Structures are given as structure tokens and as C-alpha cells.
Amino acid sequence: MSALWSVGAGLLLLLLWVRHRGLEAVLVHHRWVFVCLFLLPLSILFDIYYQLRAWAVWRLHSAPRQHAQRVRHIQAQVREWKEEGSKRYMCTGRPGWLTVSLRVGKYKKIHKNIMINLMDVLEVDSERQVVRVEPLVTMGQLTAHLNPMGWTIPVVPELDDLTVGGLIMGTGIESSSHIYGLFQHICVAYELVLADGSLVRCSPTENSDLFYAVPWSCGTLGFLVAAEIKMIPAKKYVKIHYEPVRGLQKICEKFTEESKKKENSFVEGLLYSLDEAVIMTGVLTDEPEQSKINRIGNYYKPWFFKHVEKYLKADKTGVEYIPSRQYYHRHTRSIFWELQDIIPFGNNPVFRYLFGWMVPPKISLLKLTQGEAIRKLYEQHHVVQDMLVPMKSLEKSIQTFHVDLNVYPLWLCPFILPNNPGMVHPKGNEAELYVDIGAYGEPKRKQFEARASMRQMEKFVRSVHGFQMLYADCYMTREEFWDMFDGSLYHKLREQMNCKDAFPEVYDKICKAARH
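I will try to describe carefully the structure that is included in this document. Position numbers for residues start from 1 in each chain and track the written sequence from start to end. For a predicted model such as this one, the threshold for reporting local features is a pLDDT of at least 70, and the threshold for listing and counting side-chain atom pairs is 80 or more; totals across whole chains, interfaces and linings nevertheless cover every residue. Note that water and hydrogens are dropped before the side-chain values are worked out from all heavy atoms of the structure.

What to know about the overall build of the chain
Helix and strand definitions here come from DSSP, where helices need a minimum of 4 consecutive H or I residues and strands a minimum of 2 consecutive E residues; each element is numbered from the N-terminal end. If you tally the helices and strands in the chain, you get 21 helices and 17 strands. What the globule rule says is 2.2 Å times the number of residues to the power 0.38, and the radius of gyration is computed from C-alpha atoms. For the chain, the C-alpha radius of gyration of 23 Å lies close to 24 Å, the compact-globule estimate for 516 residues. Overall, the C-alpha framework of the chain stretches about 65 × 60 × 50 Å when taken along its three principal axes. Accessible area is worked out with a 1.4 Å probe on protein chains only. A residue is then buried under 20% of its type maximum, exposed over 50%, and partly exposed in between. Split into buried and exposed, the 516 residues of the chain put 55% on the buried side. Across the chain, contacts joining residues at least 24 apart in sequence account for 74% of those joining residues at least 6 apart. Total accessible area computed for the chain in this model is approximately 23200 Å², and 55% of it derives from carbon and sulfur atoms. Positive charge is attributed to Lys and Arg, negative charge to Asp and Glu, and no charge count is given to His or to the chain ends. To locate a charge, the coordinates of NZ of Lys, CZ of Arg, CG of Asp or CD of Glu are taken. Taking the average place of the 63 positive charges on the side chains of the chain and the average place of its 55 negative ones, the gap between the two points comes to 4 Å. The contact criterion used throughout is that any non-hydrogen atoms of two residues lie within 4.5 Å. Method for areas: the Shrake-Rupley scheme with a 1.4 Å probe, in which residue coverage is limited to the protein chains shown.

Focus on the environment of S334
Relative to the elements of secondary structure, S334 occurs in the loop between helix 11 (324-328) and helix 12 (339-342). In this structure the C-alpha to C-alpha distance between S334 and V164, which are 170 residues apart in sequence, comes to 21 Å. Discounting chain neighbours no more than four positions away, the residues touching S334 are W303, F305 and L339.

With respect to the pairing of strand 7 (residues 199-202)
Side chains V200 and C202 of strand 7 all project onto a buried face; the interleaved residues L199 and R201 project onto a face where none is buried. The pairing criterion is simple: DSSP has to find at least two bridges between the two strands. Pairing of strand 6 (residues 187-193) with strand 7 involves four bridges; the strand directions are antiparallel. The residue of strand 7 that forms the bridge with V193 is L199.

Focus: a nonpolar patch on the surface
Patch membership requires over 30% relative accessible area and the absence of a salt bridge. Like charges are linked within 9 Å, and nonpolar side chains (Val, Leu, Ile, Met, Phe, Trp, Tyr) within 5 Å. The term salt bridge refers to a pairing of a side-chain nitrogen on Lys or Arg with a carboxyl oxygen on Asp or Glu at a separation within 4 Å. On the surface, L42, L45, I48 and L52 cluster together into a nonpolar patch covering about 370 Å² of accessible area. By the element assignment, I48 lies in helix 3 (residues 31-60). Residue classification places I48 among the partly exposed residues on the basis of a relative accessible area of 41%.

A short note on the pattern of salt bridges
Pairing between side chains of opposite charge can happen when their charged atoms approach one another. Overall, the coordinates contain 30 salt bridges when judged by the stated rule. One salt bridge connects R330 with E158, and the closest N-O pair in it is separated by 2.8 Å. Placement of R330 in the loop between helix 11 and helix 12 and of E158 in the loop between strand 5 (151-152) and helix 6 (164-169) is noted, with a sequence separation of 172 residues between them. The same class applies to R330 and to E158, which are both buried. For the salt bridge of R246 with E276, the shortest nitrogen-to-oxygen distance reads 3.5 Å. Here E276 lies in strand 12 (residues 276-285) and R246 lies in strand 10 (residues 237-246), a separation of 30 residues in the sequence. Taking the relative accessible area as the measure of exposure, E276 reaches 26% and is therefore partly exposed. Salt bridges sharing partners connect three or more residues here, namely E243, K254, E257, E258 and K261.

What to know about the packing of aromatic side chains
Aromatic rings from Phe, Tyr and Trp, with only the six-membered ring used for Trp, were paired whenever their centres fell within 6.5 Å, and each pair was classed as stacked if the ring planes differed by under 30 degrees, edge-to-face if by over 60, and tilted otherwise. Scanning the model with the defined rule gives 29 aromatic pairs in all. With centroids separated by 4.3 Å and ring planes inclined at 10 degrees, the aromatic side chains of Y242 and Y311 adopt a geometry described as stacked. Placement of the pair is Y242 in strand 10 and Y311 in helix 10 (residues 304-314), with a sequence separation of 69 residues. You can call Y242 buried: its relative accessible area is 0%. Among the residues examined, Y311 registers a relative accessible area of 10% and is labelled buried. Where Y299 meets Y300, the ring centres are 5.3 Å apart and the plane angle is 85 degrees; that geometry is what we call edge-to-face. Given the relative accessible area of 27%, Y300 is considered partly exposed.

Digging into the environment of M497
Mapped onto the elements of the fold, M497 is located in the loop between helix 19 (488-496) and helix 20 (506-510). In contact with M497, not counting residues within four places along its chain, are L194, A195, L210 and L221.

Details of the nonpolar core
What is meant by a nonpolar core is a set of buried Ala, Val, Leu, Ile, Met, Phe, Trp, Tyr and Cys residues, joined one to another through side-chain atoms within 4.5 Å. I153, F183, Y190, L210, F481 and F485 are the most contacted members of the largest nonpolar core, which totals 147 residues. Those residues in contact with L210 that lie beyond four places of it in its chain are L192, L194, V200, C202, L221, L493 and M497.

As for the sheet that holds strand 7
Strand pairing in a sheet relies on backbone hydrogen bonds, with the paired strands running either antiparallel or parallel. Strands sit in the order 3-4-8-6-7 across an open sheet of five strands; the sheet is antiparallel. The two strands at the open ends of the sheet, each matched to only one other strand, are strand 3 (121-125) and strand 7. Averaged over all neighbouring strand pairs, the angle between strand axes comes to 15 degrees, with direction disregarded. In this structure, strand 4 (residues 130-133) lies alongside strand 8 (residues 223-230), joined through four bridges in antiparallel fashion. When the bridges of strand 8 are listed, V131 appears paired with I229. With axes taken as lines fitted to C-alpha atoms, and helix axes fitted only over the stretch in contact, angles between N-to-C directions fall between 0 and 180 degrees. Across the sheet, helix 5 (residues 139-146) is in contact with strand 3 and strand 4; its angle to strand 3 comes to roughly 40 degrees.

Structural data, given as C-alpha cells:
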């Protein structure tokens, strides 16, 4: 009884404090209170529900049977839109707050919402080494399904909640991308419902123009209903080598050198300042040294980027063996390093041991509850951007990030970019090594102004023939956007497939200049 009285008294004091400060002020300046008391428990309930659902679907083998029925329902909705006179654009009916992108999709309020409830693994074909999945399957769900069967996919983008559909219609990357390319490059086929309600399969040999145009199109050519993705045999551990490097030139040289080595299964860099970084290389193995195993994914362990920083502070190299699935999702618990701005004490050992099992809060719930004040605050004083630039421009790019943003850590992830048709390809006729520079956090530049600073960044990225990931805020004009991306195949297919009345152009869907 005394415990109940204590809890009640604590809640009463909390409510009085909130009333005194004002709810909006608490949500903006003490967001951790709301996140810890409400969003973390809600996130746990979300996870339990979806895990139980995935387990039940797997046990009952119901996904393949229900898939065809669900696709027919999507086709029926598209045909109903046509019968109504095609007066509005179509879009998926998934609420904007459920997406991992921080962008608020206002278009969903005025477009025809097509409900797409496709979130299951359909088939694992061991002979072809291909897994067939629905678009709302998440990376956490997919690795949990495949790893016990001895399989994984070659590119597993970091965060658990990233979906297959988002990674295809947008893009995805991982520290294995220097070998396998972006997420789209490990896909072998897509199935889409088009603007006329027809169901089409496309691959490099079947409807190939559509296959190459779908990535980066953000759902403006059709509704993705299934994808086939390459699989590779899984191993139990990743042997990671940590090497601190100082001096920007040396950092770029070392990172480029390791990125060119195909014997490295994984290459990643964390830049902690303009001239301090840790370069990590990894190889898959089934034979770890028991004394060097680090289960970094356990809830009480330090956040990965903080763990890596210890090698920089100690100025020493190191080797560890991390369980493969924990490596794939190593940045999930801290949402890279974004969670330190939301829960400043989140990496404290006491918090980790008591509440670390509840971390992280769902990004979707953070979006749902952020409110207009926090949204504007984030928009003006926070950066979440990934810029893809040629490896040869890495040093110049980091210097530009430092001058225009001054955000650290920076994430460095190499990838090979094939010369395939579509919106994103190298300038020349051959594959080229690129690097994703990820900036997540509060810019320390004194004169930072979101629109002006990001337009300066976008101009630089265009000048080196780089690309901006489309999940983030984009400030380019239409002409600048199509200068960055190759729209020739995309526009050709929109004409051929009568998409212009069915879906907005990708620029109108994602760019701020078009949405405001």
C-alpha cells in the first residue's frame, strides 16, 4: 500500500509541475519526461503485438494465402478510383506518422488513400537464394525470420523499423554496400499494381525499364505489393577491427583504402570531429575468440557510437566479435546518436540497466506526439540528412559539412554505384565507389539557418555529381532536383503508364519548395 501511495504522490507532483511549466514547454524542453513515462512503454507494446502477429502468421503459413486476396483488394480500390473519375492523385493509406522519415506527408490529407496492409514474409526460396516479401516487412522482422534458417540479406540497413518498401521506393545502405551496392541492387524483382489496376512483375529481364525506374520513385509509378531479394548464407559473428585515425587527409585515405578491399565484409567510419575518426572493418565468421565476444545489442550495453569512441579516446586499436544480428542493428538502440538529444542520460549505466530494455522509443510514436512546436524546432535547429557523394570527393565533402553544418558524429558508409538505368547512377559509363555521409543532430554552426544552409549543401552535392536521400527535407527547385537526378527513364514511364493523373511527380511529393 505504501508503494502505491508513493507512486500516486509522485504522479501528483509530476502533474503539478507540468501544469506549472505548461504542457508545451515540458514537451519541448523536457521531452524525456513524456518519452520515458509514455512512449517507451507504448513502444514495448507495439513490438510485442507485431512480434506475436509475425509468429502467428509464420506458424499458420497464412501469408501466401492471404497475399493474393490483399492484392486484389488494392486493385479494386484503384479501379474504384478510376470509376470515380480519377479526380485526385492516389497514395498509400499508411499514416504519415508511421514512416521512419521525419518529413510530414501533408499530401495524404488531399489524395485518395489506397489501403495497403502487406507486412509479411511470403516465401524463402533456398534453391534460388531469394526471399519474397511484402513491402511493409521491416528489417528487424526480416533478420529475425531469416537468421534462424541460416540466411541473411546482403544489405541490412541499420534501423529495425525500416521497411522493404521504403528502402526500395527511397533507398537503403549498410556497411556491406561497398560490395553489394544500395538496397535496390540486391533486389531481383518487384510486383506492382499500376495506375490502371493491373498487376505487373518486373525484373532485369522482364519489364526491365520499370524495374530500373522504381527505386527512388517514392511510389509515383505504382503501388509496390511484393519484392524478391537476394539472400546469402549467414554466419554467427562479425569480427570487427577498430582503428582510430587522426588528420582529415589520413582519415579519407584510410577509409578509401579499406572500402576498396573486397575481403572486408563491412566498412564503416564514425567521424567525431573534423580530424578524428574511428574506421571499422569487419568480416563474417563462425569461429570467434570467446574472450573477445561483445554482445553489444544487449540492453545494458553502452550505445554503439559511445563504445566506438572509447577506442579514439584511448588511442588504441581493438578487435571484437559481435553476434551478426546485433551487428546489423548496432545503431538501433540509440537511433544512431539521435536518442541522446531526446533522453540526455540514456547512455548512463544506471538508466541502461534499469530501463535499457525499453529503448528505443518508436520513431513513429515520436513523430505522432511531437506537436507543431517541436516540429518547427527540429526543422530549424536539427539536421537529419544523408548525402551520397563520390569517394574521390570525400575530403572536400567533409570540409563542406563542417563549414555548413558542424554536426558530429558524422556517419561514413561506402557503396558501389553500378551504371544501371534509373534516377541514380554514376556520371561515367562504369560503376563508381561512393560514400554516404550521414549528419544527424543539432548543427553547431553559429549562423545556421535551415533553408539557406541546406540549399548550400545541396548545391555542393550537385556539383560533385552526388545525390541526396529523399527521406529528408529537400529544398531544391524543380530544375535543381532534376539536375541532381536523371529523370529521363522516370518521365518516359510516367507518360507510357498514364501516371500523370494517378500519382504526383516525385519532386512534388518530397520537396519543400513544392509542398509549401
